[in-house]
Amino acid sequence: MLIGVKHHFPEPAIFIFDDRDLRLYKVDGSEVELRPQVAEFLNTLMAAYPQSVSKSDLISAVWGETNVSDQSLSLCVSEIRKALADDPRKPTYIKTIPKRGYQWLCPTTQENTSQDQAPEPIISPSIQVPEPHKPRGWQRWLSAVLITILIASAVTWIQKQKSMPNEEAIEYDGSQLVAIMPFSNQTGDQSLDWTSIGLAEMVRGNFEQIEAIETVPLERILAAQTSLDQMPDLKQASAKQAMAWCDFMRCSAVAVTQLVTDDSGYVLESRLIMRSGSETTRVARGPSLMATTSDLSQQLIKRWVPTQPITEFVDEYSDDPHLNVTYATGIHKMALEGPREALPYFESCLDQNATFHWARFKLAKCLRLLGEPDLASEHVTHLLKEAKPGTELYAEALGLMSVLCFDQTQFEQSAEYVRRALDIYADLGAHLGMSICIGQLGYIEYARDNLADAAALLEACYQMVLTTGDRLTEANVVNNLAIIEWANGNIDKSLQYNEYALTVFNKYGSQPGVALMTGNIGAISMSAGRIEAARPYLIKGLDLYRQLGDEEGLNRALLNLSILKSYDQDLTASISFANEGLEISQKIGNTHMEIQFVYLLIKLTAGMGDFTEANNLIQTFQSKVSKMTELPDLQNLFTAAAVYAHIRQGHLDKAQASYATLSVDYLNQNVQGIFLRSLLAFSKRDQADAMAAIDTAIEVADGDWKSLLTSYRDAYQQQEMPQLAFVAYN
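Residues numbered from 1 in each chain as written. Predicted model: local features only at pLDDT ≥ 70, side-chain atom pairs only at ≥ 80, totals over all residues. Heavy atoms only, no water.

## Remarks on the environment of Asn324
Looking at the element boundaries, Asn324 is found in helix H11 (residues 321-337). Relative accessible area serves as the criterion here: at 4%, Asn324 is assigned to the buried category. (Helix = DSSP H or I, 4+ residues; strand = E, 2+ residues; numbered from the N terminus. Buried < 20%, exposed > 50% of the residue type's maximum accessible area, 1.4 Å probe, protein only.)

## Some thoughts on the sheet that holds strand E6 (residues 94-97)
Read from one edge to the other, the open sheet built from 3 strands follows the order E5-E7-E6, with strand pairing classed as antiparallel. Where the open sheet ends on each side, the last strands, each with one partner, are strand E5 (52-54) and E6. Strand-to-strand twist of the sheet, defined as the mean angle between neighbouring strand axes without regard to direction, takes the value 25°. The pairing of E5 with strand E7 (residues 101-104) spans 3 bridges and is antiparallel. (Pairing = 2+ DSSP bridges. Axes fitted to C-alpha atoms, helices over the stretch in contact; angles between N-to-C directions.)

## Here's the deal with the environment of Asp193
Tracing the sequence through the fold places Asp193 in the loop between strand E10 (184-185) and helix H6 (195-207). Overall, the relative accessible area of 44% leaves Asp193 in the partly exposed class.

## Regarding the pairing of strand E12 (residues 253-262)
For E12, the buried fraction is high: 7 of the 10 residues fall into the buried class. Pairing geometry for strand E9 (residues 177-180) and E12, over 3 bridges, is parallel. Looking at the pairing, Val178 lines up with Ala253 of E12. Pairing analysis gives 2 bridges linking E10 to E12, with the strands arranged parallel. For Ser184, the partnering residue across the bridge sits in E12 and is Gln258. Bridge count for E12 against strand E13 (residues 265-274) is 10 bridges, and the pairing is antiparallel. What sits directly across from Leu259, in E13, is Leu268. Connecting E12 to the antiparallel partner E13 that follows it, the hairpin turn spans 2 residues.

## Topic: the packing of helix H21 (residues 511-527) against helix H22 (residues 531-548)
Two numbers describe how H21 lies on H22: the axes approach to 7 Å, and their chain directions differ by 150°. For the element pair H21 / H22, the angle class is roughly antiparallel. The handedness of the crossing between H21 and H22 is left-handed. Facing Gln511, Pro512, Val514, Ala515, Leu516, Thr518, Gly519, Ile521, Gly522, Ala523, Ser525 and Met526 of H21, the residues of H22 in contact are Ile531, Ala534, Tyr537, Leu538, Lys540, Gly541, Leu544, Tyr545 and Leu548. (Parallel < 35°, antiparallel > 145°, perpendicular 65-115°, else oblique. Left-handed = near helix turned anticlockwise from the far one by under 90°. Contact = heavy atoms within 4.5 Å.)

## Some words on the packing of aromatic side chains
Counted under the stated rule, the structure contains 11 aromatic pairs. Between Tyr327 and Phe356, the ring centres sit 5.2 Å apart and the planes meet at 45°, which makes this aromatic pair tilted. A residue pair is termed long-range when its members are at least 10 positions apart, and Tyr327 in helix H11 and Phe356 in the loop between helix H12 (339-352) and helix H13 (357-369) qualify at 29 residues. For the residue pair Tyr327 and Phe356, the accessibility class agrees, reading buried in each case. An aromatic cluster of three or more residues is present, and its members are Phe406, Phe411, Tyr443 and Tyr446. (Phe/Tyr/Trp six-rings, centres within 6.5 Å; stacked < 30°, edge-to-face > 60°.)

What follows is the structure, given as structure tokens:
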């Protein structure tokens, strides 16, 4: 017999909650339907009474290890309040603790229960929760007339209120405080009335993840709405009239949102009314109500979240305030929305003032990311001629020239430029600039496969960045540390680093950072054979980079998608992604990526029997690759692809000759090299050696890659050669 507790709500409530079966009943025995997660949420809150429960503890109690957002919590609270008829203006049962969690407010009378007991009707006075008041037609008409009259006198009324003490006024200074007003359900579907509070709370929950902005608690907004019958109706008021709300609540802006439907599904239209009297609109639409709300949240956050560059640069660098604002806006766009959105602002600055060197530098950074390295190089060269040596601008130009050289695998020149920049930053005492240069040197060592030196430099970079308090730069450095851990085979630690960085970028609304981390998590997961875990990250990363217009990032995403499709045996799609990536690599002059796409295309086309294309690629790039002595990994990749193409064509002598040039480490330690040995042995009819090599490859491989290699082993046993060689990110 299982013992539980029935919680009898105090009079005049009509509810009983049974914590054994997690069910809510009215006293007449009828059940109030709750989703399982909502019932568990309610049980967790009541069990903690009178203490509050943090958001993280609630998520753990209700969803366990499943990763959910704060929106799920807000939705649970909304459903419980609806079930209990709890007024958010003056809550009886649940209190929201801003940015922390929730608290159960109501003491209950407890009664032990057993498993064989069922809830029985309890005879009590017929006390009902009153229905929400609905005005009669004439009342609605009169209200409309009064609203019209009162809107006309709103400004006068507000002036009077400013001189009158009012205990309902909200005590905030309002510098970056936003009021998310309850949504207006205009769909005609009364079952969606819960969205008025529920969706507003979800949006507010997303805002709470952003350190740089505050929101007015919903309870205070509802209390203000109740007490301010004379205030303008926000659904009808002009922006100037609606400023009364900003003034009264002492906030910087209000968001007034309505829910409608159209052919696409749900549509959320949000008016953003600023204290200054200006306004703008954001619209999100989609088939899913939750996804549409999330989309609207991100749009609103992008509009309001300030970035450090804006506050830092708005009064500097030129004598023209308009140019400074244009430049600062470009920096804001670049940090949050990517180079394509930022580019016009820096171009505008240079059109109006060709000596605005900082704008030229930012323009060059945008051009490099957008796949215009030659134009970027021209601007940087111009800066190195015009900027004063020893200044921060000169150091920044040297750093960007280092990156441009790195893209072309000119590692020694890249290192020389960044060392010169480091010396300047050291003389200036600019710790952030110094840390970035040290990190760049670390990444160069990583590209040269000097992992120990790379790790030491990046760790030094990280420690220095921590002293600057720059969270976005910190996240970028953590990403580089993740790459080192990845290269050393520490997959879980690498993913932890990247997930931390993703959290930071999400918190500050940096879409370029989110795209970078999303793609990297997918690539690392795929390399470890966690294909299904990687798939959504890889697809999302590709979409994000296409939206941003970041060709460097898009190039990496295309490489990953090509590998993913080769795993799926969708060779046509894999070749399509690889060809697009090769074209971009050549356009932007990224030789390192170019050879990786060539390696994939040789293996893919040979696997499909298109030997003419495979041989053309080998002949076209053989000479170029042979000169890349600083990149032995790429040389091994290219040669391995050529070996595979020769095997597929039956040219075993050529295959053996190329195979002999591969490094010993690649053949004995790299899973692709080991598998290549098995293919060559199978082609020579050496079944024993082929099976021994494939068994070794399976042992070395991780995750789902083991399954793919096992299917190749089965093909050997049937005296068949696999159509496609094993492909993995290198």
